[in-house]
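# Structure at a glance
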Amino acid sequence: MKSRFDRFARAFFQSGLAVTTLLGAVACAGPIKSLYPPRAGETVRTVYVINHGALHTGLAVKRSDVPRGIWPANRDYAGRKYLEVGWGDDDGYRKPLTAGIALKALAGSKPTVLLADGFSTLRAKLADPKFSIVAVDLSAGGFARLCRHIDQTYALDETGRPIRLGKGWYRARGTYSAFNTCNTWVAIGLRKAGCPITPAYCLTPGPLLQQARRFGRVVAR
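This report concerns the structure included in the present document. (Residues numbered from 1 in each chain as written. Predicted model: local features only at pLDDT ≥ 70, side-chain atom pairs only at ≥ 80, totals over all residues. Heavy atoms only, no water.)

## Comments concerning the sheet that holds strand β4 (residues 112-119)
Ordered by their spatial adjacency, eight strands build an open sheet running β6-β7-β4-β3-β2-β1-β5-β8, and the pairing between neighbours is antiparallel. If you trace the sheet from one side to the other, it starts and ends with β6 (164-166) and β8 (217-218), each paired once. As paired elements, β6 and strand β7 (residues 169-172) share two bridges and run antiparallel to each other. Looking at β7, one finds that Gly166 is bridged to Trp169. In the packing of helix α5 (residues 140-151) onto the sheet, the strands contacted are β1 (44-51), β2 (57-62), β3 (82-89), β4 and β5 (132-139), and the crossing angle to β5 comes to about 120°. Against the sheet, helix α6 (residues 182-192) makes contact with β1, β2, β3 and β4, and its axis sits at roughly 40° relative to β2, the strand it touches most. (Pairing = 2+ DSSP bridges. Helix = DSSP H or I, 4+ residues; strand = E, 2+ residues; numbered from the N terminus. Contact = heavy atoms within 4.5 Å. Axes fitted to C-alpha atoms, helices over the stretch in contact; angles between N-to-C directions.)

## Comments concerning the pattern of salt bridges
In the structure shown here, the tally under the stated rule is six salt bridges. Lys125 is the salt-bridge partner of Glu84, the closest N and O atoms lying 2.9 Å from each other. With Glu84 in strand β3 and Lys125 in helix α4 (residues 123-126), this residue pair connects regions lying 41 residues apart in the sequence. Here Lys125 makes a salt bridge to Asp117, at a shortest N to O gap of 2.9 Å. For Asp117, a relative accessible area of 28% gives the class partly exposed. (Salt bridge = Lys/Arg side-chain N within 4 Å of Asp/Glu carboxyl O. Buried < 20%, exposed > 50% of the residue type's maximum accessible area, 1.4 Å probe, protein only.)

Laid out in structure tokens, this is it:
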């Protein structure tokens, strides 16, 4: 017999599919031409959209590409080449997912968090067959706007420092809901970077990855 959570998850995905199908009928946003695509001869910076095989998607960049003065939390994992960051509901992200936690988050949850993770090669992510990665090349200006989007998601204490909640975990800004998910957060970052993507269509990983593949490239295993 299916558990209560199994029934809830199936209902959520069915409703999400209906919403995203409807939104998919609307033309996707065009690029912000002053930012995307990078002009010939311009310095290119790459962001990696990483799907973890279920509901969660995050953003990864080379630490050395992050502009000075933007996103100072990139000092975490100083010995690693890449830094991945994801945003989500506090309980849903940090605790075993239950129907109660999921319902509370989808209804609108103010306590949100960021999770940072350092790694040395993309193979470290691709080693898990559940993961999929889409690489997107950005202009220097677009990449800086993406990094600023990440930086501005960190909640700060009274001294202006990020609020640590444990290794890799930080208190975040923003309210998580059924219409503002981790996938929406990723899509908003890409849109701020100038990419032709419609964040409202990216409630779940499928539509996010579908759009990202149109202007990015799948990283091969």
